[in-house]
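Analysis of the macromolecular model
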Amino acid sequence: MQVIHAKQALTKSGWKHDLEVAIGADGRIESVGSFSRTPTHRAAILLPAPVNLHSHSFQRAMAGLTEARGPYPRDSFWSWRLLMYKFLDQLTPDDIEAIAGLVFMEMLEAGYGAVAEFHYLHHDVGGVPYDNLTELSERIVAAAQTAGIGLTLLPVLYQYGGCDLRSLGGGQQRFGNDPERFLRLHADAAAVIARGVSDNVIGIAPHSLRAVDPAGLNTILSQAKSGPIHMHLAEQVAEVEEVLSYHGLRPVEWLLKNYAVDARWCLIHCTQMTESETNALAHTGAVAGLCSITESSLGDGIFNCPTYLDAGGQFGFGSDSNIQIALFEELKTLEYSQRLRDLSRAVLATPERSTGRVLFDAAATGGAQAGGRDNGRIELGAQADLIGLDDDNEWLCNRQGDAALDSLIFGGGGQNCIRDVWSAGRHVVKEGRHFRRDEIVRKYKQTMKRLETAI
Ligand code: ZN
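Residues numbered from 1 in each chain as written. Predicted model: local features only at pLDDT ≥ 70, side-chain atom pairs only at ≥ 80, totals over all residues. Heavy atoms only, no water.

As for the pairing of strand S7 (residues 150–157)
Burial within S7 is extensive, with eight of its eight residues counted as buried. Burial along S7 is two-sided: the face carrying Gly150, Thr152, Leu154 and Val156 and the face carrying Leu151, Leu153, Pro155 and Leu157 are both buried. With six bridges joining them, strand S6 (residues 114–119) and S7 adopt parallel strand pairing. Paired with Glu117 across the two strands is Leu153, which belongs to S7. Handedness of the crossover is the feature at issue here: the chain leaves S6, passes through helix H3 (residues 135–147), returns alongside S7, and the resulting connection is right-handed. With two bridges joining them, S7 and strand S8 (residues 201–202) adopt parallel strand pairing. Looking across to S8, one finds that Thr152 is bridged to Val201. The handedness of the S7 to S8 crossover, carried by helix H4 (residues 179–195), is right-handed. Pairing geometry for S7 and strand S9 (residues 205–206), over two bridges, is parallel. Each bridged residue has a counterpart across the sheet, and for Val156 the counterpart in S9 is Ala205. (Buried < 20%, exposed > 50% of the residue type's maximum accessible area, 1.4 Å probe, protein only. Helix = DSSP H or I, 4+ residues; strand = E, 2+ residues; numbered from the N terminus. Pairing = 2+ DSSP bridges. Right-handed = clockwise from strand over helix to strand, strands pointing away.)

Looking at the pattern of salt bridges
Taken as a whole, this structure holds 29 salt bridges when the rule is applied. For Arg250, the salt bridge identified is with Glu277, shortest N-O distance 3.0 Å. Taken together, the residues span a long stretch of sequence, with Arg250 in the loop between helix H6 (237–247) and helix H7 (251–258) and Glu277 in helix H8 (residues 275–284) at a distance of 27 residues. Given the relative accessible area of 2%, Glu277 is considered buried. (Salt bridge = Lys/Arg side-chain N within 4 Å of Asp/Glu carboxyl O.)

Looking at the sheet that holds strand S3 (residues 29–34)
Within the open sheet, the eight strands sit side by side as S3-S2-S1-S4-S14-S15-S16-S17. Their pairing is mixed. Since the sheet does not close on itself, it has two edges, and those belong to S3 and strand S17 (433–434), each with one partner. Looking at chain direction, strand S14 (residues 386–389) and strand S15 (residues 418–423) are connected through four bridges and run antiparallel. The residue bridging Leu389 from the neighbouring strand is Ile418, located in S15.

Concerning the coordination of the zinc ion
A metal bound by six donors in octahedral fashion has ideal angles of 90 or 180 degrees, whereas one bound by four tetrahedral donors has an ideal angle of 109.5 degrees. Looking at the metal site, the zinc ion is ligated by His54 (NE2), His56 (NE2), His232 (NE2) and Asp320 (OD), spaced 2.1 to 2.6 Å from it. Each of the four donor atoms bound to the zinc ion contributes to angles spanning 82 to 172°, and the resulting shape is irregular. Every donor residue of the zinc ion comes from the same chain, spaced as H-x1-H-x175-H-x87-D. Of the two residues, His54 is situated in strand S5 (residues 51–55) and Asp320 in the loop between strand S13 (314–317) and helix H11 (327–342); the sequence distance between them amounts to 266 residues. Both residues of the pair, His54 and Asp320, belong to the buried class. (Donors = N, O, S within 2.8 Å, 3.2 Å for Na, K, Ca; no water. Tetrahedral: all angles 85-135°; square planar, octahedral: opposite > 155°, others 65-115°.)

With respect to the domain arrangement of the protein chain
Domain assignment breaks the protein chain into domain 1 (2–47 + 387–424) and domain 2 (48–371). Averaged C-alpha coordinates put domain 1 and domain 2 at centres separated by 29 Å. Of the roughly 1,800 Å² buried where domain 1 meets domain 2, counting both sides, 64% is carbon and sulfur surface. At the junction of domain 1 and domain 2, the tally comes to one salt bridge. Between Arg357 and Asp402 there is a salt bridge, with its nearest N and O atoms 3.1 Å apart. Put simply, domain 1 and domain 2 have seven residue pairs in polar contact (both at pLDDT 80 or more) between them. At the level of secondary structure, the elements contributing two or more residues to the side of domain 1 that touches domain 2 comprise strand S2 (14–23), S14, helix H13 (401–410) and S15. (Domains from an automatic or database assignment. Buried area = accessible area lost by both parts, 1.4 Å probe. Polar contact = N/O pair within 3.5 Å; in protein donor to acceptor, adjacent residues only side chain to side chain.)

With respect to helix H2 (residues 93–110)
With 18 residues, H2 should cover 26 Å at 1.5 Å per step; its first-to-last C-alpha distance of 26 Å lies within 8% of that length. Within H2, 16 of the 18 residues are buried, which leaves it mostly tucked inside the rest of the structure. Directly beyond the C-terminal end of H2, a positive phi value near 110° is found at Gly111. (Expected span 1.5 Å × (residues − 1).)

Focus on the nonpolar core
Leu47, Phe104, Trp265 and Leu267 are the most contacted members of the largest nonpolar core, which has 116 residues in total. Element by element, the count of residues in this core is highest for H2, at 10 residues. Shared between two domains, this core holds at least three residues of each, these being domain 1 (2–47 + 387–424) and domain 2 (48–371). In this structure, Leu47 is in contact with Leu10, Trp15, Phe360, Ile378, Asp385, Leu386, Ile387, Leu389, Leu405 and Leu408, ignoring residues within four places of it in sequence. Of all hydrophobic cores here, the second largest spans 13 residues; its members include Ala9, Leu46, Leu386 and Trp422. (Core = buried A, V, L, I, M, F, W, Y, C linked by side-chain atoms within 4.5 Å. Contact = heavy atoms within 4.5 Å.)

A look at the pairing of strand S10 (residues 229–233)
Judged by how many residues are buried, S10 sits mostly within the fold: five of five residues are covered. Here S10 shows no split at all, with Ile229, Met231 and Leu233 on one side and His230 and His232 on the other all buried. Bridge analysis of S10 against strand S11 (residues 265–269) gives five bridges, and the strand direction is parallel. Across the sheet, His232 pairs through a bridge with Ile268, a residue of S11.

As structure tokens, then:
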């Protein structure tokens, strides 16, 4: 049994001092109380490790390759997407597994305990299915297993190139399935997840209202009776205009009018919502999946967080394109976007909770709900997804409670304070390093050298 002694720990009922947390053989928290046993580990600060609720792992390998001006009057999400399509046509199953391995390792080192992988790369170049329809889903599962990260696998239905039901363009063909083949793929992927580690979860992901028609959406929703449902929604102005012209309503309006959106749903981005859409989404109980660093990178827009929070909305965080995998930085970027828009400070803080506390609580609670994972809290019986931090350094200097969280998120050195990370009790980060770092990085570098010559 692993026994952690924490000087301070953020529990479901707030900050506690001198707390003993024991992890059982089933990867769950077996006891929480005052010091009574000999510790196997010590932490100055113990936090729940949140779910990273939105990732396309393969995009990590493009980080830094899309920052020069292209041959367009104005670079945008759409010109970035063309480069992404060109890039992914180089990727083999081995590459995809190697890149995902690095991503999942970096997520654990950043303090995430699990990931919801929004997995839309299903087929070979040109859209030719592999002999094994779930070849690439299995590569994602294998990478997660190598890294030891908890996985919520979200196989994605991607049918069309736009609301006009145009067929998929060259770069999109690797994503494509009709609903019938998708249901086979999803059932096979669910069987793979069921055979894997017990904390893995299967969900479902209609890609977006651009890529899925109502009939396809109805078919897959009627088959997936449980588990999380994730969808990109209202990310870009051109996307809102397209949905409005074909469906007569804006994306959030249309979805909420036609579907019983509830706590199973996680809507990714929602950076283009009106005030009334923001209130309506908050009242559904769904999670807004915010990816602040990628949304900044792609120029998506700014989420209307004060209105959403006032209406009781749930939100969590994902790293989406994985251009930078940094939990504390991700949280900070959301708050800074609000400050820049509102010309204000501490926008998300409440009288009871500091800005960092509000952000971290949202990441833990919203991430657990979106991932369909029983984590996000230090409490008896919860999945032992935990971050152990050191405070004897220049970034924390023994800070206490919410001030320590604020320092981790806004002080710039938060990630350097992470010593240990557990995912469902698996002790995967020790002394700030992933236990398989060298092997995973070696494989990733081999892939990148090959890609460099292929592009
Ligand atoms: Zn995405």
